[in-house]
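# Residue-level structural notes
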Amino acid sequence: MKSTNTLKAGLLLGMLVTFGTATMNAQSRGERKEPPTYAKLLEEMDANEDGKLAKDEVKGPLKESFSEIDTDEDGYISEEEFKNAPKPKGRPRN
């Protein structure tokens, strides 16, 4: 019984190491994640669930560029404004 548990623990550890290494390798190669959709941002950031993204709800690049993205200056980022938002600049290549 003890050897079965040891085997299971070893297999689990091996899977975790393999997954972690694959993730680190993908990041080191500079693979990019897909940008989030407006629906995903609403799901993650729309705290009061009103279907809008207000400045006090957003974070990161959206918050930093809020006034540029909110082109109609109504205090919210609409789906249309999000689609037309300037794309964030990537890191400079060496």
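Look above for the structure.
So, here is what we can say about the structure in this document. None of these values were measured; they are calculated from a predicted model.

Right, let's talk about the overall build of the protein for a bit. Within the protein, the secondary structure is distributed over five helices and two strands. Each helix and strand of the protein, ordered N terminal to C terminal, gives the series α-α-β-α-α-β-α. Buried positions account for 18% of the 94 residues belonging to the protein. Summarising the internal contacts of the protein: among those between residues at least 6 apart in sequence, 20% fall at separations of at least 24. Taken as a whole, the protein presents about 8,200 Å² of accessible surface, with 56% of it coming from carbon and sulfur.

Let us look at the packing of aromatic side chains. Following the criterion strictly, the structure yields one aromatic pair and no others. Geometrically, the ring pair formed by Tyr38 and Phe82 is tilted, given 5.8 Å between the ring centres and 45 degrees between the ring planes. Here Tyr38 is found in helix H2 (residues 38–45), whereas its partner Phe82 is found in helix H5 (residues 79–83), with 44 residues between them in sequence. Residue Tyr38 is classed as buried on the basis of its relative accessible area, which comes to 8%. The ring of Tyr76 carries Lys52 above its face, with NZ or CZ at 4.6 Å from the centroid.

This part is about the pattern of salt bridges. Inspection of the entire model under this criterion finds three salt bridges. One salt bridge in this structure joins Glu44 and Lys40, with 3.8 Å as the shortest N-O distance. You can see Glu44 and its partner Lys40 sitting in helix H2, four residues apart, about one turn around the helix. By relative accessible area, which is 37% here, Lys40 ends up partly exposed. A salt bridge links Glu79 to Lys83; the nearest nitrogen and oxygen atoms lie 3.9 Å apart. Of the two residues, Glu79 and Lys83 are both situated in helix H5; the distance of four residues between them amounts to about one turn of the helix. Several salt bridges share partner residues, and in doing so they unite Lys40, Glu43 and Glu44 into one network.

Once that is clear, we can look at unusual backbone geometry. Backbone geometry at Glu49 places phi at a positive 55 degrees, although glycine is not the residue there. For Glu49, a relative accessible area of 70% translates into the label exposed. Residue Glu73 is not a glycine yet carries a positive backbone phi of 55 degrees. In this structure, Glu73 sits in the loop between helix H4 (66–69) and strand E2 (76–77). When its relative accessible area of 69% is taken as the criterion, Glu73 is described as exposed.

Each value, and the rule that gives it
- Residues numbered from 1 in each chain as written.
- Predicted model: local features only at pLDDT ≥ 70, side-chain atom pairs only at ≥ 80, totals over all residues.
- Heavy atoms only, no water.
- Helix = DSSP H or I, 4+ residues; strand = E, 2+ residues; numbered from the N terminus.
- Buried < 20%, exposed > 50% of the residue type's maximum accessible area, 1.4 Å probe, protein only.
- Contact = heavy atoms within 4.5 Å.
- Areas by Shrake-Rupley, 256 points an atom, 1.4 Å probe, with all protein chains shown as cover.
- Phe/Tyr/Trp six-rings, centres within 6.5 Å; stacked < 30°, edge-to-face > 60°.
- Lys NZ or Arg CZ within 6 Å of the ring centre and 35° of its normal.
- Salt bridge = Lys/Arg side-chain N within 4 Å of Asp/Glu carboxyl O.

Function cannot be inferred from these measures alone, as they are strictly geometric.
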